[in-house]
Amino acid sequence: VAFDSQLPLSEEESPHWGFLDPETLFVSARHVDEAGWYGDPDNIVAFHMLHGDSDDSAASKQFAARWDLGTGYLPLLDLFYNQSETLPQLYSTTALPHHLSEELRKALFRSRRPAPRPEAPGRCNETVPMRW
C-alpha cells in the first residue's frame, strides 16, 4: 500500500507481503468489541462495515449496550454507497468521504477507539453464532 504522496515507487521500494494493520489502515466498524480503529482517518485504506445485525452473540449485544451503540446497527452500506442523489460528488472526486459529509464523518468516528492505542490488541474469546 502506498499513498499518493509516496508514488511512484521503485522496484526496491515496492512493499513486500505482510500483515494489514487492522487498527489504523484496514479498519472495521465497531459493532463488536474487537473492532474499531485508531489513528488518522485520512490514512484509512479500507473500512470494513460489518453490515447488518448478523452478529447474534450475547457478548456483542452487551458490548453495544455498554458503548451506547444501540440495539440495532447503523446501515453503513446504504450510508456509504447509496448517496448518488444526496451526495453525487462522493463517487466522482478524490476527496475523502469524511471530508464531504458530516453524516459519513459521524459514522466513521462512531467506530474510533479512545487513545492511546494499546500495546497488545484484544482477543476474541468466543465463537460468534451468525444469523443468515
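Further up the page is the structure itself.
Residues numbered from 1 in each chain as written. Predicted model: local features only at pLDDT ≥ 70, side-chain atom pairs only at ≥ 80, totals over all residues. Heavy atoms only, no water.

A. View of the overall build of the protein. The helix and strand inventory of the protein stands at four helices and two strands. Taking as baseline every contact in the protein between residues at least 6 positions apart, the subset at least 24 positions apart corresponds to 56%. With an accessible surface of roughly 9,500 Å², the protein has 54% of that area assigned to carbon and sulfur atoms. (Helix = DSSP H or I, 4+ residues; strand = E, 2+ residues; numbered from the N terminus. Contact = heavy atoms within 4.5 Å. Areas by Shrake-Rupley, 256 points an atom, 1.4 Å probe, with all protein chains shown as cover.)

B. Structural context of the nonpolar core. Of all hydrophobic cores here, the largest spans 14 residues; its most connected members are Phe-47, Leu-76, Leu-79, Phe-80 and Leu-104. Looking at this core, the elements with two or more residues in it are α2 (76-81) and α4 (102-109). Not counting residues up to four positions away in its chain, the partners in contact with Phe-80 are Phe-47, Met-49, Leu-90, Tyr-91, Pro-97, Leu-104 and Ala-107. (Core = buried A, V, L, I, M, F, W, Y, C linked by side-chain atoms within 4.5 Å. Buried < 20%, exposed > 50% of the residue type's maximum accessible area, 1.4 Å probe, protein only.)

C. Geometry of the side chain of Ser-101. As for its position among the elements, Ser-101 is in the loop between α3 (97-100) and α4. Among the polar contacts made by the side chain of Ser-101, one reaches the main-chain amide nitrogen of Leu-104 at a distance of 3.1 Å. (Polar contact = N/O pair within 3.5 Å; in protein donor to acceptor, adjacent residues only side chain to side chain.)

D. The arrangement of the packing of aromatic side chains in detail. Overall, the coordinates contain two aromatic pairs when judged by the stated rule. Note on Phe-47 and Phe-80: the rings are 5.7 Å apart at their centroids and 45° apart in plane angle, and the pair reads as tilted. Within this pair, whereas Phe-47 is found in strand β2 (residues 46-48), its partner Phe-80 is found in helix α2, the two being separated by 33 residues in sequence. Residue Phe-47 is classed as buried on the basis of its relative accessible area, which comes to 16%. Relative accessible area serves as the criterion here: at 14%, Phe-80 is assigned to the buried category. (Phe/Tyr/Trp six-rings, centres within 6.5 Å; stacked < 30°, edge-to-face > 60°.)

E. Examining α4 more closely. Buried residues of α4: Leu-104, Ala-107 and Leu-108, and no others. The arc that holds every buried residue of α4, seen down its axis, measures 100°, which confines them to one face. Exposed residues lying more than 90 degrees from the buried face of α4 are Glu-102 and Lys-106. Next to the buried residues of α4 lie β2, α2 and α3. You can read the cap of α4 off the contacts: a side-chain oxygen lies 3.2 Å from the backbone nitrogen of Glu-103, and it is on Ser-101. (Arc of directions from axis to C-beta.)

F. Representation of a nonpolar patch on the surface in the model. A surface patch of nonpolar side chains, about 330 Å² in accessible area, is lined by Leu-77, Tyr-81 and Tyr-91. Mapped onto the secondary structure, Tyr-81 falls in helix α2. (Patch = residues over 30% accessible without salt bridge, like charges linked within 9 Å, V, L, I, M, F, W, Y side chains within 5 Å. Salt bridge = Lys/Arg side-chain N within 4 Å of Asp/Glu carboxyl O.)

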